[in-house]
Amino acid sequence: MQNMFSNRMQLLGTETAFEMLAKAQELERQGKEIIHLEIGEPNFPTPVNITEAGIRALQGGMTKYTPAPGLLEPRQAIAAYISKTRGIPVEPEEVVLVTGGKPIMFYSILATVNPGDEVIYPNPGFPIYESMIRFVGGKPIPIPLREENSFQIDITELNSLITDRTKMLILNSPQNPTGSFLAREDIEAIAEKILGRDIWVLSDEIYEKILYEGEMFSISSVPGMKEKTIILNGFSKSYSMTGWRLGYGVMNRELAEKITRLVVNSTSCVPGFIQMAGLEAITGPQTATAKMVEKFKERRNAIVAGLNAISGVTCLTPPGAFYVFPNIKSFKRSSDELAEYLLYEAGVSSLGGQAFGAFGEGYLRLSYANSLENIKHAIKRIENALAKL
Ligand code: PLP
């Protein structure tokens with residue numbers, strides 16, 4: 001059977017969160033009660049004004065194909081939003097709507113990276129980056145994010161990794177899985193290393209609104225960087241719309257045309273009524289998002305305090321996203337083993353840090369996109385289970 005599949009499939013990785021979720025759900029089917037801290041999905045409903053806009057569009061007959069890069073109105077709204085927030089001129093022709101944030105990784109890496117090209121990516125980081133780099137035959141070059149550096153990029157180290165073969169640098173701020181954030185000075189220092197070279201920057205800004213301290217700054221705002229930057233953004237996290245599958249990329253026209261061709265060759269377009277829901281999300285009231293972020297901050301403070309009170313666990317306070325990345329090295333077990341132990345012993349589903357790359361070993365990733373009550377229960381359960389080791 002082996003030779004019935006393409007060789008390239010052996011290069012493609014996966015996202016362990018979905019596997020862990022399946023294991024946890026199997027335990028639930030057997031009657032066990034599990035607290036889910038594995039999946040990165042806000043537990044709030046999609047704001048009503050957004051859902052209603054989607055329903056109105058459906059009832060109004062938006063059930064046909066749309067132009068492959070998206071309808072003009074939502075692309076105009078996104079262009080205006082990015083222009084305003086990043087301080088750069090953006091035209092609708094530089095915006096491509098896709099089915100979630102993830103396809104922008106898939107398409108932009110497919111459209112720019114040749115076999116043998118080097119791509120520098122954050123490690124620990126979102127697992128799909130490394131998976132896609134390998135899939136297209138690129139060479140993944142991890143830039144380690146270390147706890148002693150608050151899980152931020154060390155600019156000197158980054159500089160030492162840039163070579164004549166570097167084709168792309170992937171940035172993600174606020175970051176999954178560590179919740180770290182790159183301040184304006186850091187981003188400007190990174191841009192200085194990139195300007196003057198033929199290197200793309202894939203800037204994953206999907207957690208842009210989930211930031212508790214500091215101000216969001218995009219590398220596209222640095223003079224000279226806009227043409228080299230692919231902004232990855234979407235609605236899943238900011239508007240609690242994970243299941244709608246709506247995201248977008250902002251990039252120069254030439255690349256936008258290539259990515260549009262990949263859309264034509266795969267999904268054809270995002271359903272029109274979903275695009276209209278996205279239009280409402282971007283142009284309508286932002287109060288639901290602000291409330292959600294307030295709640296996340298409260299939960300972050302509770303989970304960080306709770307984890308630090310457990311003997312053998314230490315946890316930094318992340319400035320953004322909805323994840324914590326506690327250090328569990330004192331337990332002398334691999335992070336996967338410990339995550340598995342906590343699932344079966346404590347009924348708490350989390351992820352081993354190495355699911356986000358080799359430099360994630362020694363940590364767990366917990367998502368606090370769950371109720372405060374569940375988070376407090378989970379902390380008690382984790383504490384009791386770890387005390388038995
Ligand atoms: N980028 C990062 C860093 C993420 O954590 C995620 C989702 O977890 C995505 C992109 C993908 O988001 P979407 O669900 O919109 O595809």
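The rules behind each value
- Residues numbered from 1 in each chain as written.
- Predicted model: local features only at pLDDT ≥ 70, side-chain atom pairs only at ≥ 80, totals over all residues.
- Heavy atoms only, no water.
- Near = heavy atom within 4 Å.
- Polar contact = N/O pair within 3.5 Å; in protein donor to acceptor, adjacent residues only side chain to side chain.
- 1 Å grid on protein atoms, 1.4 Å probe; cavity = no way out; pocket = protein on both sides within 12 Å on 5 of 7 lines; lining within 4 Å.
- Sits in = over half its atoms within 2 Å of the grid points.
- Nonpolar A, V, L, I, M, F, W, Y, C, P; charged D, E, K, R; others polar.
- Points joined across faces, edges and corners; volume = space filled by probe spheres on them.
- Helix = DSSP H or I, 4+ residues; strand = E, 2+ residues; numbered from the N terminus.
- Pairing = 2+ DSSP bridges.
- Core = buried A, V, L, I, M, F, W, Y, C linked by side-chain atoms within 4.5 Å.
- Buried < 20%, exposed > 50% of the residue type's maximum accessible area, 1.4 Å probe, protein only.
- Domains from an automatic or database assignment.
- Contact = heavy atoms within 4.5 Å.
- Salt bridge = Lys/Arg side-chain N within 4 Å of Asp/Glu carboxyl O.
- Buried area = accessible area lost by both parts, 1.4 Å probe.

## Some words on the site of the ligand
Close contacts around the ligand come from 14 residues, with N176, D204, Y207, S236 and K237 the closest. A distance of 2.7 Å is found between an oxygen atom of the ligand and a side-chain nitrogen or oxygen belonging to N176. Between the ligand and S236, the relevant distance is 2.6 Å, taken from an oxygen atom to a side-chain nitrogen or oxygen of the residue. Mapping the ligand onto the cavity grids shows that it belongs to the largest pocket. A class-by-class count of the residues in the shell around the ligand yields five nonpolar, five polar and four charged.

## As for empty space enclosed by the protein
One pass over the full model with this rule turns up six cavities of 30 Å³ or more. Put simply, the largest cavity is a space of about 70 Å³. Lining the largest cavity, in full, are P122, L145, F151, Q152, I153, L171, N172, S173, Q175, S180, F181 and L182. Looking at side-chain class alone, the lining of the largest cavity contains seven nonpolar, five polar and no charged residues. Empty space within the second largest cavity amounts to approximately 50 Å³. Every residue along the wall of the second largest cavity is listed here: L171, N172, S173, L182, I187, S203, D204, E205, M216 and F217. Counting only elements with at least two residues in the lining of the second largest cavity, the list comes to β5 (166–172) and β6 (200–204).

## Thoughts on the sheet that holds strand β12 (residues 364–367)
With respect to topology, three strands assemble into an open sheet ordered β9-β12-β11, the strand pairing being antiparallel. Of all strands in the sheet, those with a lone pairing partner are β9 (323–324) and β11 (351–352), marking the two edges. In this structure, β11 lies alongside β12, joined through two bridges in antiparallel fashion. Looking across to β12, one finds that G352 is bridged to L364.

## Considerations on the layout of surface pockets
Empty space within the largest pocket amounts to approximately 510 Å³. Lining the largest pocket are 29 residues, with E15, G40, K102, F126 and K237 positioned closest to its centre. Put simply, the parts of the chain that give the lining of the largest pocket at least two residues each are α1 (16–29), α4 (102–112) and α5 (127–135). Residues of the lining of the largest pocket, tallied by class, amount to 15 nonpolar, seven polar and seven charged. Along the walls of the second largest pocket sit Y81, T85, R86, E208, K209, L211, G214, E215, M216, F217, S218 and S221, which together make up its complete lining. Looking at the lining of the second largest pocket, its residues break down into four nonpolar, four polar and four charged.

## Describing the nonpolar core
Ranked by internal contacts, the top residues of the largest apolar core, which has 76 residues, are I170, I303, L307 and F322. Built from parts of two domains, this core gets at least three residues from each of domain 1 (2–45 + 287–386) and domain 2 (48–283). Those residues within four positions of L307 in sequence are excluded, and the remaining contacts are V313, C315, V324, P326, L366 and I379.

## Topic: the pattern of salt bridges
Tallied over the full model, the rule gives 15 salt bridges. In this structure, E15 engages K102 in a salt bridge whose closest nitrogen and oxygen atoms are separated by 2.7 Å. You can see E15 sitting in the segment before α1 and its partner K102 sitting in helix α4, a full 87 residues away along the chain. According to the relative accessible area criterion, E15 is buried, its value standing at 14%. With a relative accessible area of 30%, K102 lands in the partly exposed category. Of the charged contacts in the structure, one is a salt bridge between E383 and K380, with a shortest N-O distance of 3.3 Å. Of this pair, E383 and K380 both sit in helix α12 (residues 372–387), three residues apart, roughly one helical turn. When salt bridges with common partners are traced through the structure, they connect R86, E205 and E208 into a single cluster.

## Some points on unusual backbone geometry
Between S173 and P174 the backbone carries a cis peptide bond, its omega angle lying at -10°. Note that P174 resides in the loop between β5 and α7 (184–194). Omega for the bond connecting N176 with P177 falls within 30 degrees of zero, at 15°, which places this linkage in the cis form. Here P177 lies in the loop between β5 and α7. Unusually for a residue other than glycine, S150 sits at a positive phi of about 55°. Assignment of secondary structure puts S150 in the loop between β4 (139–144) and α6 (155–161).

## Notes on the domain arrangement of the chain
Domain annotation of the chain identifies domain 1 (2–45 + 287–386) and domain 2 (48–283). Residue-level contacts link 39 residues of domain 1 with 37 residues of domain 2. Carbon and sulfur atoms make up 61% of the surface buried where domain 1 meets domain 2, a total of about 3,200 Å² over both sides. Along the contact surface separating domain 1 from domain 2 lie two salt bridges. In this structure, the salt-bridge partner of R300 is E213, at a minimum N-O distance of 3.1 Å. Along the contact surface separating domain 1 from domain 2 lie 19 residue pairs in polar contact (both at pLDDT 80 or more). Counting residues per element, the ones that place at least two in the side of domain 1 that touches domain 2 are α10 (287–308) and β9. When residues of the side of domain 1 that touches domain 2 are assigned to their parent elements, the largest contribution, six residues, is made by α10. Along the lines of polarity and charge, the residues of the side of domain 1 that touches domain 2 split into 24 nonpolar, nine polar and six charged.

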